[in-house]
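The primary structure of each chain is shown beneath.
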There are 8 protein chains.
Amino acid sequence: MEQKALHHLLEQVAAGKLPVDEAMLQLRDAPFLDLGFAKPDSHRAVRQGIAEVIYGAGKTPEQIRRIALALRDQGQKTVLITRMSQEAAGLLEDTGLLDYDAVSRTGILGEIPEPDCDGAVVIATGGTSDIPVAEEAARTAAALGNPVNRLYDVGVSGIHRLLANREEILRAKVIVAVAGMEGALASVVGGLADCPVIAVPTSVGYGAAFGGLAALLGMLNSCASGVSVVNIDNGFGAGYLASMINHIGGNKA
Amino acid sequence: MEQKALHHLLEQVAAGKLPVDEAMLQLRDAPFLDLGFAKPDSHRAVRQGIAEVIYGAGKTPEQIRRIALALRDQGQKTVLITRMSQEAAGLLEDTGLLDYDAVSRTGILGEIPEPDCDGAVVIATGGTSDIPVAEEAARTAAALGNPVNRLYDVGVSGIHRLLANREEILRAKVIVAVAGMEGALASVVGGLADCPVIAVPTSVGYGAAFGGLAALLGMLNSCASGVSVVNIDNGFGAGYLASMINHIGGNKA
Amino acid sequence: MEQKALHHLLEQVAAGKLPVDEAMLQLRDAPFLDLGFAKPDSHRAVRQGIAEVIYGAGKTPEQIRRIALALRDQGQKTVLITRMSQEAAGLLEDTGLLDYDAVSRTGILGEIPEPDCDGAVVIATGGTSDIPVAEEAARTAAALGNPVNRLYDVGVSGIHRLLANREEILRAKVIVAVAGMEGALASVVGGLADCPVIAVPTSVGYGAAFGGLAALLGMLNSCASGVSVVNIDNGFGAGYLASMINHIGGNKA
Amino acid sequence: MEQKALHHLLEQVAAGKLPVDEAMLQLRDAPFLDLGFAKPDSHRAVRQGIAEVIYGAGKTPEQIRRIALALRDQGQKTVLITRMSQEAAGLLEDTGLLDYDAVSRTGILGEIPEPDCDGAVVIATGGTSDIPVAEEAARTAAALGNPVNRLYDVGVSGIHRLLANREEILRAKVIVAVAGMEGALASVVGGLADCPVIAVPTSVGYGAAFGGLAALLGMLNSCASGVSVVNIDNGFGAGYLASMINHIGGNKA
Amino acid sequence: MEQKALHHLLEQVAAGKLPVDEAMLQLRDAPFLDLGFAKPDSHRAVRQGIAEVIYGAGKTPEQIRRIALALRDQGQKTVLITRMSQEAAGLLEDTGLLDYDAVSRTGILGEIPEPDCDGAVVIATGGTSDIPVAEEAARTAAALGNPVNRLYDVGVSGIHRLLANREEILRAKVIVAVAGMEGALASVVGGLADCPVIAVPTSVGYGAAFGGLAALLGMLNSCASGVSVVNIDNGFGAGYLASMINHIGGNKA
Amino acid sequence: MEQKALHHLLEQVAAGKLPVDEAMLQLRDAPFLDLGFAKPDSHRAVRQGIAEVIYGAGKTPEQIRRIALALRDQGQKTVLITRMSQEAAGLLEDTGLLDYDAVSRTGILGEIPEPDCDGAVVIATGGTSDIPVAEEAARTAAALGNPVNRLYDVGVSGIHRLLANREEILRAKVIVAVAGMEGALASVVGGLADCPVIAVPTSVGYGAAFGGLAALLGMLNSCASGVSVVNIDNGFGAGYLASMINHIGGNKA
Amino acid sequence: MEQKALHHLLEQVAAGKLPVDEAMLQLRDAPFLDLGFAKPDSHRAVRQGIAEVIYGAGKTPEQIRRIALALRDQGQKTVLITRMSQEAAGLLEDTGLLDYDAVSRTGILGEIPEPDCDGAVVIATGGTSDIPVAEEAARTAAALGNPVNRLYDVGVSGIHRLLANREEILRAKVIVAVAGMEGALASVVGGLADCPVIAVPTSVGYGAAFGGLAALLGMLNSCASGVSVVNIDNGFGAGYLASMINHIGGNKA
Amino acid sequence: MEQKALHHLLEQVAAGKLPVDEAMLQLRDAPFLDLGFAKPDSHRAVRQGIAEVIYGAGKTPEQIRRIALALRDQGQKTVLITRMSQEAAGLLEDTGLLDYDAVSRTGILGEIPEPDCDGAVVIATGGTSDIPVAEEAARTAAALGNPVNRLYDVGVSGIHRLLANREEILRAKVIVAVAGMEGALASVVGGLADCPVIAVPTSVGYGAAFGGLAALLGMLNSCASGVSVVNIDNGFGAGYLASMINHIGGNKA
């Protein structure tokens, strides 16, 4: 409950317009839907400016469907669903509102909004195999109203591919660097750019990549400044944070 | 063998009622069933107040069936079976006594007892995906005679969902906090409650969750006091310990 | 802020006895001391029934002194300080109120209360080297009003030493099992006892003990039920939780 | 070399004003000082808008002194030195320009600039022991022209301490959350705030904290969105990134 | 090449019976079969007293068949094959000589020898799920001419089951202790027995068992003396070593 | 862009033959194919003397096909594809140019060149199960113009098998040592040979082999000099590096 | 308590010579000394044939002195003390009975017995730096009555040094292989010998040796049979087990 | 023993010039010095072309002195000693032959040879703190007769510093890339160069650098080809291998 709402409520109590017990109830009333197995946060849009998102992993297709429809019923225009299986997508097909992307395993129920800010989120990958994670970031950013600029397969083993896109890197307001294996892309991009770089290690690789651990550690130890890291394969988290940064203060100074 | 029984035996020997060699035998006689591949502990109810439980993982359906029936034959009224496959459940269906739950993969052969204590075991989860583990705890607690109170999907990313249930937390005699990812639920609940909190890390998550390791470490390092931890996904262990605590001393002081 | 206090506050507002802005202030007023570098929780005794404890590691002796005295000034009768260096103890000597124990590195400022419950907390160790951690648990339990029963050096390599104390184990309401190396003590005690066992892995050992990791993993995987685990060397946490359990419901049923 | 400069150079070559070999030289001329053992990046201010910083660990006091003076000689007004030993600070004392802070082990050679942006960087810590890392972040942010707002010792074990500062959290443009042990602070702050949260795990803790690993994993797996992570104890990195974000677009929208 | 054979060869050269170049050849002639993809060691029986064994994992059924038959052709009476799939067993069925056990996934091609020593190898397991590994050890010991004595499901959570078999433990010349989870069986057996205990950690367990790591570390840190450890799930290695020890010096002193 | 080309370009600009903006364009023009999802490096043959290779893992069969054909269209005579699935191979079958090997999962599109150097690359394995990785190295070396000499199943448990091939080891110009389990082969070969040894740990093994970690650590800690290590199962990397070394300076000195 | 003693006790009770309560007492009477902080196992010589040993790490010099003297008072002729500091040795100097070795940090209080068996324990090390651990094994074996044969610095990087001692290896009844770094010595010795090989990983090495982890994993994964492993740097454990094996059955068959 | 020597020996036996028993002796005679605590390999120069090197860690200053002098006595002109303490250096000062370098902690006893090959070994570091390891490599290469070319502090956070030295990288015959933190230098150098790159991870860094683990994993997973890795901080190993490669075939083709 926001400060302003609390103030208003107290004024009403003071004015005798709201009985004490009723005020008690409102103070305890939680701004979430209670479906028993889930409590989607309908208050998030107010609190954080971004509506509730459904993390699909570990939920049954039926659970996903029920949460998604409940959020729609609450008036949420765009419901993003990540880690969504083909089967779960199938259950929402009849709504005619679902845009499902099999590569990134994301679904968007409802409309994808027009970009509402000028800066583009630049998303770069080290290789082709990192694209599914990058697309999760890209689709998340798009669903949150950001133009997206993709630079795929520009890893450091052929650094001229990255340098060829130097201008786009220098112009960016925020960059998402997605890479597996040793994850060196983040350091090199971080050394070139003058904006925040969100590093996403991916589980691409084998052997001593240890499911993304090598890339994760590499990125955490980046010798470049301005780089921060999200979880392995967490395209959504990177896209979400990039959108937050991209929406600060209108255009880049 | 209990102290009292030992005393009695020695008295019988002293009184010449029991030959020395027979006493030898009894002293060596083990209070367990010997099925060759398994030695279920029929003595546990006497020793620990709680009857033998079957851990189903790594046992063939046929082995589970044989142990369960042997315990029933010994007079055990409620046989709890954890990590039980659908297939193993099928083998006990003909008894007409099995209550099987596919979500928690637990079977209860025989009757589920009426609660025999006043306090409820409160079971909270961080998310929807933690429910299978939580239900293992809930079903275990129920099978051991406890009322159960479920608070599901109250993770710290929307902390108002948890605070909305503050009263139940403050009233609890023991709480089971089930969470994957970073497992912060245990710390926050531990900071609010004034009763023991049993933290159950789950393997929910991906990437740097490392199969529950992140939640496990988080819970072990909880800055809140009164929190202890069981193995990753060990709903049974938490439910068992919660029941032990819940049965101490009747009602909460 | 407690439910009752909130209710009262709202009634005062409703009755016009408390201006809205004043209520705002009270609702935001935090029940803690703000020393800048620390915010000791003076509300904990109300909320959790146990007064604030000072974790000494990472605090300068001067910081410890200031927090301890501030808590005393607030009326806290017993201030427990863990991980306290000799140097920090020296700074509080002039109060004439400090009881410092160099083995467990704990200080108790003020009075050590008389035990206020019947059950004793049983504390067992695998070896002699585990005693510092065990004493941290013992001193914590004592500072919280519990009788303590010590069973030291009863590890499983000479299991007759443990079995010789079987009676005390069977009579216990709660047991703290402290062990390094492989930590098997917790499993064996857990198999014998019918009460909660709090396992404390210690960093005693070398090589593949990996600073307590081996004992920690061993205890988390205990095949005995009723065992839960706290952090490596966390004697305080075990003593605190043991006290919580020991204070439930008066005497053991 | 910037695009504009390159364009200009080519124009000069085209105009015959610059011989080919001279152009060759300039194109290869590196914008860094070459001290043999170090090549401080005098070009960084142009490229990234923030001047070169000296990472003191692993450098001898004499090396630090030489690099710092060289940068000063190049006209850099503020030279930040992190992980600086008392001994290294001593070597620069005679300049009369060094502001050294023993808690954070940072030195600032030259002037600390006036804040050049409106938003404040909010820096919160879980405990008192996290302050050295937090101060590294705070001093970095200050050296880069940011107002700083400190919220220390507001960890989740007494969550009312954090909630009491909710307003400052809601007003922030960027937050640095510094915590050791389980690092849950980042998740709770991330769930409350609507701005980017930079999580800094610290090596505070013991046992299964594994030198900050527990906090690191916890923060990487944060269930809250908008949270990203830097290296363990990397106060500098967090302060640097916070400054980058804080300087975007003037005031917060 | 054995010392004696070398001596003989040199004598023949000295006597002019063996030309130098022929001697060269013999000195370089390797005592193994060269099948290209494999070089089974036909010399091992001479060198180590135990004939070559086929480790089936990672070999195709056809490769296993070819190696097994080649060894038979060389006159090896008993060919033990471990980690053998049902499919590989099928390929050797037509020989009418294969004894295949699906539980331990071992095949014995040829005759299982009569025991040629008096002492029995005692094999104990913590639980029922450890039996496949225990049987690999048992079958290996049997194939190498040892009587085997099985004590299954005697884990420490119900220690009376183990103590009931104390006599067999005290009489043993060598014991193989097979256990997953925390692996405490090895320590307890090691504390009771006066003979070498070979500890075999198994991958039985879940969560923080980390595929046998917990049991492995527990066993390596055993506080009991006389315990050594082989690889996780390495029933073969334990059976082989047990046989070596069991064959020393005839009967137990 | 090579030094010479840059010089020429600048001369053309100086001579007025190339407009400034056109030069700008050329300086930014990247020597790679841009397929959107991939940017194969057509410049590598010029820069590194070895043409672009396709790493098949994580790419769809269709993506592999498109990259391979694009490289062929660019005039690349031999296109090596590693980690290639049977399905991907099927998609290139119609070209009539693919040589696919199911054991090593490598495809060679186009001609396998005649060896263009005298020295042979010696490839040794510890066991039969290491052959798939060894063959990836062998096929890579062959595709890059090297004679290959295979020594398979010469692990240290029967060291005479290795010593029997001592001469080939002593004659080698570079050796690839492929081994799983404890990976001791690299140390023993490294102690015998007087040329660079490239150690390839494999994921062969179980339990504490931890997917190749044991072999990797063993090889990194080799007490023999002249040994360096590539990633677990990285046959390609070893073959590539071996070819590089084998092509230095013609014949071995 | 031994079987025979139990039988005798029961006979005495049956004969009325021993009152029931007295028998109770005896049955509970533990065969250990209770010093409070330690319970040395005076029964071990009876139970395991080898007298109690003092593990000095984590014990104060005063505690070591008291335990050692108590064991002497009980009639133990040889008291072995491992991990003994110079300071602790100083405290026992006045007895005139202590033989202290600073390299292995072992003390032997009382007489070192004459060898009571024919076979020698062979102890080999990979390098010079492994000698302290090897000497702990050697001194333990000597204290337990074994002749010891040292082969130091015979690591596999110069395998001819090991092969030069092949005869001693072939003649051994049991071998202790002590090595750090990659620990390959155990595999090579295991491949040559026909007796049990006890592998002792040491913490010798740096970097990816990870304090002995690399050697430990290497030894656990040894491709040679007959090899088992003890904890890192556990020279004592290896010497103890070697003595056990060396005492079986008199001379080697 | 070399093939030729063996042939000669056999001829002498055949000719009756060498008695059989004498031949036996010679065949067993090991080409190493036996100092008891060490067996320096005087045969290595013959076998591997490079004389024995003394690894100083874990050896006492006195042991180092004795081995070094013994090798000198054997006629070895240059004795390289790595990980040599100041104290050990002091013990050899009186020889007047020691060149000791405190930064790399290496000593060279005897003459540093003139370079005997044309190509230079290029040694690059990511930062200033990596210099001690780089110098160990440089001094090793120099002691083995190689010209050395140092490129220090050219890490990827300011990639223009590396690109400015591109020509030297392109001209190199072998490159040693030394870096801590994320170790990205190896990948970027590997992508630019056309010669073998030996990557040396260093323990430079903090937090999630985990003592060099992050750099190690990063380098093992390098997306660039032609890169292989040695142990953390193993400057010696890199310098030795670089020398081996640099000596192949005279000049670079």
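A quick note: this is a predicted structure, and the numbers were derived from the prediction, not measured.

Basis of the calculations
Throughout this description, residue numbers start from 1 for each chain and increase along the sequence as written. Whichever chain is written first is A, and whichever ligand is written first is 1; the rest continue in order. Residues qualify for local features only when their pLDDT is at least 70, as the model is predicted, and side-chain atom pairs are given and counted only at 80 or more; totals for whole chains, interfaces and linings, by contrast, use all residues. Note that water and hydrogens are dropped before the side-chain values are worked out from all heavy atoms of the structure. One bridge is not enough; two strands pair if DSSP finds at least two bridges between them. Strands here mean DSSP runs of E at least two residues long; helices mean DSSP runs of H or I at least four residues long; both are numbered from the N terminus. Contacts between residues were defined by any pair of non-hydrogen atoms, one from each residue, lying within 4.5 Å. Fitted lines through C-alpha atoms give the axes, limited to the stretch in contact for helices. The angle between two N-to-C directions lies from 0 to 180 degrees. Note: buried area is the sum, over both parts, of the accessible area (probe 1.4 Å) each one loses when the two are combined. Note on definitions: salt bridges are taken to be side-chain nitrogens of Lys or Arg within 4 Å of carboxyl oxygens of Asp or Glu. Accessibility here uses a 1.4 Å probe with only protein chains present; expressed as a share of the type maximum, an area under 20% marks a residue as buried, one over 50% as exposed, and anything in between as partly exposed. Least squares is used to superpose the copies, and the fit set is the C-alpha atoms of residues whose pLDDT is at least 70 in both copies. To estimate how far a helix should extend, the number of its residues minus one is multiplied by 1.5 Å. Where each domain starts and ends follows an automatic or database-derived domain assignment. Here a polar contact means two N or O atoms within 3.5 Å. Within protein one must be a hydrogen donor candidate and the other an acceptor candidate, and residues neighboring in sequence count only if both atoms are side-chain atoms. Here the aromatic set is Phe, Tyr and Trp, taking the six-membered ring for Trp, and pairing holds for ring centres within 6.5 Å; pairs whose planes are under 30 degrees apart are stacked, those over 60 apart are edge-to-face, and all others are tilted. Counted as over-ring charges are cases with an Arg CZ or a Lys NZ within 6 Å of the ring centre that also lie within 35 degrees of the ring normal. For classification purposes, an angle smaller than 35 degrees is called roughly parallel, one larger than 145 roughly antiparallel, one from 65 to 115 roughly perpendicular, and anything else oblique. By definition, turning the near helix anticlockwise from the far helix through less than a right angle yields a left-handed crossing, and turning it clockwise yields a right-handed one. The classification used treats Ala, Val, Leu, Ile, Met, Phe, Trp, Tyr, Cys and Pro as nonpolar, Asp, Glu, Lys and Arg as charged, and all other residues, Gly among them, as polar.

## A few points about the sheet that holds strand E1 (residues 54-55) of chain A
All names here are of chain A.
Now for step 1: Read from one edge to the other, the open sheet built from four strands follows the order E1-E2-E4-E3, with strand pairing classed as mixed. Edge positions in the sheet fall to E1 and strand E3 (98-101), since each has one partner strand and no second.
Now for step 2: One ladder, built from four bridges, connects E3 with strand E4 (residues 106-110); its direction is antiparallel. Each residue of the ladder has a partner; that of aspartate 101, found in E4, is threonine 106.
Now for step 3: The sheet strands contacting helix H6 (residues 131-143) are strand E2 (78-82), E3 and E4, and the helix crosses E4 at an angle near 15°.

## Here we look at the interface of chain G and chain H
Interface extent is often summarised as the accessible area lost during association of the parts.
Now for step 1: Each partner contributes to the interface: chain G provides 19 residues, whereas chain H provides 25 residues.
Now for step 2: Interface area, chain G with chain H, both sides summed: about 1700 Å², of which 53% is carbon and sulfur.
Now for step 3: The largest contributions to the chain G side of the interface with chain H come from Thr128(G), His160(G) and Tyr206(G), which together make up 36% of the buried area.
Now for step 4: Scanning the region where chain G abuts chain H turns up zero salt bridges.

## A look at the pattern of salt bridges
All names here are of chain A.
Now for step 1: In total, this model carries 48 salt bridges over all chains according to the counting rule given.
Now for step 2: Note that arginine 65 and aspartate 94 form a salt bridge whose closest N and O atoms lie 3.5 Å from each other. Taken together, the residues arginine 65 in helix H4 (residues 61-73) and aspartate 94 in the loop between helix H5 (86-92) and E3 connect sequence positions 29 residues apart.
Now for step 3: On the accessibility criterion, arginine 65 (22% relative accessible area) is partly exposed.

## Comments concerning the relation of the copies chain G and chain H
Now for step 1: You can overlay chain G on chain H at an RMSD of 0.0 Å; the transform is a turn of 90° with a shift of 0.0 Å along its axis. What we have between these two chains is a four-fold relation. Using C-alpha coordinates, one finds that chain G approaches the rotation axis most closely at Phe210(G), a distance of 7.4 Å.

## A closer look at the relation of the copies chain B and chain C
Now for step 1: Superposing chain B onto chain C takes a rotation of 180° combined with a translation of 0.0 Å along the rotation axis, leaving an RMSD of 0.1 Å. Taken together, these values place the two copies in the relation of a two-fold axis. For chain B, the residue whose C-alpha comes nearest the rotation axis is Gly249(B), separated from it by 1.9 Å.
Now for step 2: When the interface residues of chain B are mapped onto chain C, 100% of them are again interface residues, pointing to one common binding face.

## Considerations on helix H4 (residues 61-73) of chain B
Residue and element names in this part refer to chain B.
Now for step 1: Its 13 residues give H4 an end-to-end C-alpha distance of 18 Å, which sits within 8% of 18 Å, the value for a rise of 1.5 Å per residue.
Now for step 2: Pro61, Gln63, Ile64, Ile67, Ala68, Ala70 and Leu71 are the residues of H4 that are buried.
Now for step 3: In the core, the buried residues of H4 are packed alongside strand E1 (54-55), strand E2 (78-82), helix H5 (86-92) and strand E4 (106-110).
Now for step 4: Immediately downstream of H4, the backbone of glycine 75 shows phi near 100°, a positive value.

## Digging into the domain arrangement of chain A
All names here are of chain A.
Now for step 1: Looking at chain A, the domain boundaries give domain 1 (3-110) and domain 2 (121-246).
Now for step 2: When each unit is reduced to the centre of its C-alpha atoms, the spacing between domain 1 and domain 2 is 30 Å.
Now for step 3: Facing 16 residues of domain 1, the contacting portion of domain 2 comprises 12 residues.
Now for step 4: Viewed at the interface, domain 2 and domain 1 are joined by two salt bridges.
Now for step 5: Of the charged contacts in the structure, one is a salt bridge between arginine 139 and aspartate 99, with a shortest N-O distance of 2.4 Å.
Now for step 6: Across the domain 1-domain 2 interface, the total number found is three residue pairs in polar contact (both at pLDDT 80 or more).

## Regarding H6(A)
At 3.6 residues per turn, the α-helix brings residues three or four places apart onto the same side.
Residues and elements named next belong to chain A.
Now for step 1: End to end, H6 covers 18 Å across 13 residues, agreeing with the expected 18 Å (1.5 Å per residue, within 8%).
Now for step 2: Within H6, 11 of the 13 residues are buried, which leaves it mostly tucked inside the rest of the structure.
Now for step 3: Those residues of H6 not exposed but buried are Ile131, Val133, Ala134, Glu135, Glu136, Ala137, Ala138, Arg139, Thr140, Ala141 and Ala143.
Now for step 4: Positive backbone phi, approximately 90°, marks glycine 145, located one or two places after H6.

## Overview of the packing of aromatic side chains
Now for step 1: Counting across every chain of the model gives 16 aromatic pairs over all chains.
Now for step 2: Seen in terms of ring centroids, Tyr55(C) and Tyr206(D) are 6.2 Å apart; in terms of plane orientation they differ by 35°. Their pairing is tilted. Of this pair, Tyr55(C) sits in strand E1 (residues 54-55) while Tyr206(D) is found in the loop between strand E8 (197-201) and helix H10 (213-220), placing the two residues in two different chains. Each of the two residues, Tyr55(C) as well as Tyr206(D), counts as buried.
Now for step 3: The ring of Tyr206(D) has Arg83(C) sitting right over it, with the charged end atom 3.8 Å from the ring centre.

## Side note on the packing of helix H10 (residues 213-220) of chain B against H10(D)
The description of two packed helices rests on the angle between their axes and on the distance between the axes.
Now for step 1: Relative to each other, H10(B) and H10(D) sit at 125°, their axes nearing to 8 Å. In this view, H10(B) runs oblique relative to H10(D), as classed from their interaxial angle. Where H10(B) crosses over H10(D), the handedness of that crossing is left-handed. Where H10(B) approaches H10(D), its residues Leu213(B), Ala214(B) and Leu217(B) are matched on the opposing element by Leu213(D), Ala214(D) and Leu217(D).
Now for step 2: Of the residues that constitute the contact of H10(B) with H10(D), the class distribution is six nonpolar, no polar and no charged.

## Concerning the interface of chain B and chain C
Now for step 1: Between chain B and chain C, the residue contacts involve 33 residues of the former and 34 residues of the latter.
Now for step 2: Interface area for chain B against chain C, summed over the two sides, is near 2900 Å², with a carbon-plus-sulfur share of 57%.
Now for step 3: Taken together, the connections running from chain B to chain C amount to zero salt bridges.
Now for step 4: Remark: the boundary between chain B and chain C carries four residue pairs in polar contact (both at pLDDT 80 or more).
Now for step 5: Those elements that place two or more of their residues in the side of chain B that touches chain C are helix H3 (44-48), helix H8 (166-171), helix H9 (185-192), H10, strand E9 (227-229) and helix H11 (235-246) of chain B.
Now for step 6: The leading source of residues in the side of chain B that touches chain C is H11(B), at five residues.
Now for step 7: Split into classes, the residues belonging to the side of chain B that touches chain C amount to 16 nonpolar, 11 polar and six charged.

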